[in-house]
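This is what each chain is made of:
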Amino acid sequence: MEPAIYLDNNATTRVDPEVVAAMLPFFTEHFGNASSMHGFGTAAGAGLARARTQIQALLGAAHDHEVVFTSGGSESDTAAILSALAAYPERREIVTSAVEHPAVLSLCQYLAKQEGYRLHVIPVDERGRLDLEAYREALSERVAVVSIMWANNETGTLFPVEQLAEMAHALDIPFHTDAVQVVGKLPLKLADSAIDMLSLSGHKLHGPKGIGALYIKRGTRFRPLIRGGHQERGRRAGTENVPGIVGLGRAAELALAGLTDENTRVRALRDRLEQGLLARIDHCFVTGDVDNRLPNTANLAFEFIEGEAILLLLNREGVAASSGSACTSGSLEPSHVMRAMGIPYTAAHGATRFSLSRETTEAEIDRVVAVLPGIVERLRSLSPYWNAAEGTTKTFEPAYA
Amino acid sequence: MWNYSEKVKDHFFNPRNAGVLEQPDGVGEVGSIACGDALKLMIKVSPADSRILDARFQTFGCGSAIASSSALTEMIIGKTIDEALTVTNQDIAGYLGGLPPEKMHCSVMGAEALRAAIANYRGEALEAEDDEDGALVCKCFGITEGLLTRAIRTNALTTVETVTAYTKAGGSCATCRDKIEMVLGDVNADMVSEGLLDSARAFRYRGRGLAEAAPVTTPAPARPTAPARPAQVRPSHAAAAKPAAARPAGGALTLVRKIALIQEALEAVRPTFQRDGGDVELVDVDGDTVSVQLFGTCVDCSMSSFTLHMVQEKLSEALGRPVRVVPADDSLAA
Ligand SMILES: Cc1ncc(COP(=O)(O)O)c(C=O)c1O
């Protein structure tokens, strides 16, 4: 078999060997506790300080102390939302979107159900664009926090979060964004934005898993999720994961250097993939806001076939991708993102995501374009909904439907 | 990624009998594109001996759905219709070397498609089939009470979670959870009274069932002792078409005469049962429904539904009209 082609970088990325190299000394030589008053502690502390400025640079943040290290995207999301609720106890409403990652959506639904918060879930249209009118209407002085993602992990669709943050600020509502998929892929300048809090995760940008950060704009009221020692200026207790933080810092530095490549070469490869597939495969379309999305993400819905079957056959060809189909997750419904966009079931089950990275090559893309049409054809020939002779669907209405 | 057995992978990557069967004698279609999987099973049946000569499938669905369909066709080709009817979803899963619990519904879909194809072959209208299958419990996935009952019995299910994994019912909006609990409670209670289920494991609709408190929620997909049953006890096309050998002159039977004929016919088949260490006894006659009690090895063997079907054919023949033969408890519940 040919070497594996990894096109699932929105799920996680390979840790860059340079990141690993930067981390290694912090396991063995500089193993100290950053809080300690001796040389071992000093070395660890220096590692933390450097990483903080590396993240600051990637985010375009005004101050390095606006960066708080956490265990990853999910913790950052949780800390941000719960902090705002604790800081504004008299406000009993939360605004979010229908296509958030479960790290935000499940938490918000839990808060609505168990804690009695009123939840505004802003819908999206068929291209995955946020309903700005509904958003405007949901904002009021009763809202404790807005949490809306910057880029969607399934389709790559970008929300205008800087504008959304300004709208929230006009009513003095704290604004949080889950930017886990954006950080490292697009240039950012948080110093000039109204965003109060932002989540990022190391393993999405060729850094290690289990490390992330929450950006908290200077002056934002913050209530810690984890109390204890005085680490992270009391905003996140617990002895720091120094090797992880150092790795995240180095990953941020490499991502910043790679931003141009990401937005030129990687974007062109993504477009080549999409156009190649669209030209060779009927009854398939790109989901999401095509003109306004991450440069690395392509999500194509193949009608009348099911995503897990596509992935299994792709995997046999050495291609790793992912799917919004029900079967791949063990849930029984296709992804909430596809459903929120109103993608018909005939296509939602066959939605397949290819997410590229700076490591992706043209030869890899061409290989996918070469093998996928055969896979789709093969599955369609098995499908009762597909009529090969007419190249379309036929009536098929089973006993229980 | 799912941990599929080698057999599942083989049947997915190299599906047997995929495609359209021209001029099929029976077609069974289950599932829907909204549900995420759908299966169309087509069979060709020899008129001489009711043997399935060929079977083909078309499936929309995941790896295990395609593998289950492929395995099903391989299992039923060469079987008679009656033999095919004894194939349960457990048999399909077993044939594939097991399926992950979340994927058991794929094997249930196969068993249901087989049932539908045979009903279609026998000329039973699908609408009638649906009515008979009872009320719709899960609207999202179109799951009827009949399907739930069969899946619960065949797989000895005792929790709502496993019912969802095996049938999908309740896997979407979950508003039908109460109805699922009710069906589960009823069917488990029946199974306990039939000696098919340990009462400690049974789900109780009223109050928290012990089974729910137990830590294990995913039973091993091993073959349970409970045999499949109700799907097979239908008036058969074959039986109805047989010449009315013993039909008495002068139309309708009196009840006494009817019972006498049934007793006579049962006596004739008893030696067959006794040879295998079992027995059969008449319990009740209600219209065209005859309830019988099976004893000994017949009860637990997976052939009991087959046995009932055999009795049904004999009785239909004796009375000159199709009758329905059910195990004794079934008629009490009805
Ligand atoms: C948009 C988004 N938010 C949050 C997360 C969770 O991040 P983590 O895995 O670091 O907890 C992910 C990744 O899975 C994501 O894609």
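What you see is a predicted model; the values in this text were computed from it and never measured.

## Observations concerning the site of the ligand
All names here are of chain A.
Next, step 1: Every one of the 13 residues lining the ligand counts as a neighbour, but S74, D178, Q181, S201 and K204 are closest to it.
Next, step 2: S74 places a side-chain nitrogen or oxygen 2.7 Å from an oxygen atom of the ligand.
Next, step 3: Here the shell around the ligand gets three residues from one element, more than from any other, and that element is helix α4 (residues 73-87).
Next, step 4: Considered class by class, the residues forming the shell around the ligand number two nonpolar, eight polar and three charged.

## Focus: the interface of chain A and chain B
Next, step 1: The partner chain B presents 41 residues to the 31 residues of chain A that form the contact.
Next, step 2: Each partner contributes to the roughly 3,000 Å² buried at the junction of chain A and chain B, and carbon and sulfur atoms together form 67% of this total.
Next, step 3: Of the charged contacts, one joins K103 of chain B and E308 of chain A as a salt bridge, the two residues approaching to 2.6 Å between their closest N and O atoms.
Next, step 4: Linking chain A with chain B are six residue pairs in polar contact (both at pLDDT 80 or more).
Next, step 5: Looking at the side of chain A that touches chain B, the elements that each hand over two or more residues are α9 (307-316), α10 (326-329), α12 (345-348) and α13 (362-382) of chain A.
Next, step 6: Top contributing element to the side of chain A that touches chain B by residue count: α9 of chain A, with five residues.
Next, step 7: Along the lines of polarity and charge, the residues of the side of chain A that touches chain B split into 17 nonpolar, seven polar and seven charged.

## Structural notes on the sheet that holds strand β3 (residues 52-60) of chain B
All names here are of chain B.
Next, step 1: Sheet architecture is open: three strands sit in the order β1-β2-β3, paired in antiparallel fashion. The strands lining the two open edges of the sheet, one partner per strand, are β1 (26-32) and β3. Each adjacent strand pair in this sheet contributes to an overall mean axis angle of 10 degrees, direction not counted.
Next, step 2: Relative to the sheet, helix α5 (residues 104-121) contacts β1 and β2 (37-45), its axis offset from that of β2 by approximately 40 degrees.

## Re a nonpolar patch on the surface
Residue and element names in this part refer to chain A.
Next, step 1: On the surface, a cluster of nonpolar side chains totalling about 280 Å² of accessible area is made up of V20, L24 and F27.
Next, step 2: Within the element layout of this structure, V20 appears in helix α1 (residues 17-23).
Next, step 3: Assessed through its relative accessible area of 35%, V20 is described here as partly exposed.

## Overview of the nonpolar core
Here is a general trend for soluble globular proteins: nonpolar side chains tend to be buried in one another's company.
Next, step 1: Among the nonpolar cores identified, the biggest contains 96 residues, and L314, F354, L372 and L379 of chain A together with I43 and I76 of chain B are the most heavily contacted of them.
Next, step 2: Here this core takes ten residues from α5 of chain B, the largest share from any one element.
Next, step 3: Filtering out sequence-adjacent residues up to four positions away, F354 of chain A remains in contact with L7, L273, L277, N296, T297, A298, L300, L314, A321, V368 and L372 of chain A.
Next, step 4: Listed in part, the 66 residues of the second largest apolar core include L164, V182, V242 and A347 of chain A.

## Examining the pattern of salt bridges
Next, step 1: Summed over all chains, the structure comprises 34 salt bridges over all chains.
Next, step 2: When the shortest N-O distance is used, the salt bridge between E141 of chain A and R142 of chain A registers 3.9 Å.
Next, step 3: For R142 of chain A, a relative accessible area of 44% translates into the label partly exposed.
Next, step 4: Residue E29 of chain B pairs with K40 of chain B through a salt bridge whose shortest N-O separation is 3.7 Å. Placement of E29 of chain B in strand β1 and of K40 of chain B in strand β2 is noted, with a sequence separation of eleven residues between them. The pair E29 of chain B / K40 of chain B is uniform in exposure class, with both members buried.

## Overview of the sheet that holds strand β9 (residues 284-286) of chain A
Residue and element names in this part refer to chain A.
Next, step 1: Strands sit in the order β9-β10-β13-β12 across an open sheet of four strands; the sheet is antiparallel. Edge positions in the sheet fall to β9 and β12 (322-323), since each of these pairs with one other strand and no more.
Next, step 2: Strand direction decides the pairing type here: β9 and strand β10 (residues 297-302), joined by three bridges, are antiparallel. Bridge pairing links C284 to F302 in β10.
Next, step 3: Across the sheet, helix α8 (residues 242-280) is in contact with β9, β10 and β13 (351-355); its angle to β10 comes to roughly 15 degrees.

## Thoughts on the domain arrangement of chain A
Residue and element names in this part refer to chain A.
Next, step 1: Domain assignment breaks chain A into domain 1 (5-13 + 258-389) and domain 2 (17-257).
Next, step 2: Taken over C-alpha atoms, the centre of domain 1 sits 28 Å from the centre of domain 2.
Next, step 3: With 33 residues of domain 1 in contact, the opposing surface of domain 2 contributes 34 residues.
Next, step 4: Carbon and sulfur atoms make up 51% of the surface buried where domain 1 meets domain 2, a total of about 2,800 Å² over both sides.
Next, step 5: Put simply, domain 1 and domain 2 have 25 residue pairs in polar contact (both at pLDDT 80 or more) between them.
Next, step 6: Of all the secondary structure elements, the ones that give two or more residues to the side of domain 1 that touches domain 2 are α8, β10 and α11 (336-340).
Next, step 7: Partitioning the side of domain 1 that touches domain 2 into residue classes produces eleven nonpolar, 16 polar and six charged.

## Description of the pairing of strand β6 (residues 175-178) of chain A
All names here are of chain A.
Next, step 1: Every second residue of β6 is oriented toward a common face, with F175 and T177 on one face and H176 and D178 on the other, all of them buried.
Next, step 2: Remark: the strand β5 (residues 143-147)/helix α7 (residues 161-170)/β6 crossover connection has right-handed handedness.
Next, step 3: Pairing geometry for β6 and strand β7 (residues 197-201), over three bridges, is parallel. Bridge pairing in β7 links D178 to S199.

## Concerning the side chain of R236 of chain A
Residue and element names in this part refer to chain A.
Next, step 1: With respect to the helices, strands and loops of the structure, R236 is situated in the loop between β8 (212-216) and α8.
Next, step 2: Separated by 2.7 Å, the side chains of R236 and E75 make a polar contact.
Next, step 3: Look past the residues within four positions of R236 in its chain and what remains in contact with it is V68, F69, T70, S71, E75, I226 and Q231.

## What to know about the packing of aromatic side chains
The description of an aromatic ring pair uses the distance of the two centres, along with the angle that the planes make with each other.
Residue and element names in this part refer to chain A.
Next, step 1: Tallied over the entire structure, the rule returns four aromatic pairs over all chains.
Next, step 2: Residues F31 and F40 carry aromatic rings whose centres are separated by 5.1 Å and whose planes lie at 40 degrees to one another, so their mutual orientation is tilted.
Next, step 3: Look at F40 and you get partly exposed, because its relative accessible area is 43%.
Next, step 4: Judged by centre distance (5.9 Å) and plane angle (45 degrees), the rings of F304 and W386 are tilted. Highlighted residues: F304 in the loop between β10 and α9 and W386 in strand β14 (residues 386-387), separated in sequence by 82 residues.

Calculation criteria
- Residues numbered from 1 in each chain as written.
- Chains lettered and ligands numbered in written order.
- Predicted model: local features only at pLDDT ≥ 70, side-chain atom pairs only at ≥ 80, totals over all residues.
- Heavy atoms only, no water.
- Near = heavy atom within 4 Å.
- Polar contact = N/O pair within 3.5 Å; in protein donor to acceptor, adjacent residues only side chain to side chain.
- Helix = DSSP H or I, 4+ residues; strand = E, 2+ residues; numbered from the N terminus.
- Nonpolar A, V, L, I, M, F, W, Y, C, P; charged D, E, K, R; others polar.
- Contact = heavy atoms within 4.5 Å.
- Buried area = accessible area lost by both parts, 1.4 Å probe.
- Salt bridge = Lys/Arg side-chain N within 4 Å of Asp/Glu carboxyl O.
- Pairing = 2+ DSSP bridges.
- Axes fitted to C-alpha atoms, helices over the stretch in contact; angles between N-to-C directions.
- Patch = residues over 30% accessible without salt bridge, like charges linked within 9 Å, V, L, I, M, F, W, Y side chains within 5 Å.
- Areas by Shrake-Rupley, 256 points an atom, 1.4 Å probe, with all protein chains shown as cover.
- Buried < 20%, exposed > 50% of the residue type's maximum accessible area, 1.4 Å probe, protein only.
- Core = buried A, V, L, I, M, F, W, Y, C linked by side-chain atoms within 4.5 Å.
- Domains from an automatic or database assignment.
- Right-handed = clockwise from strand over helix to strand, strands pointing away.
- Phe/Tyr/Trp six-rings, centres within 6.5 Å; stacked < 30°, edge-to-face > 60°.

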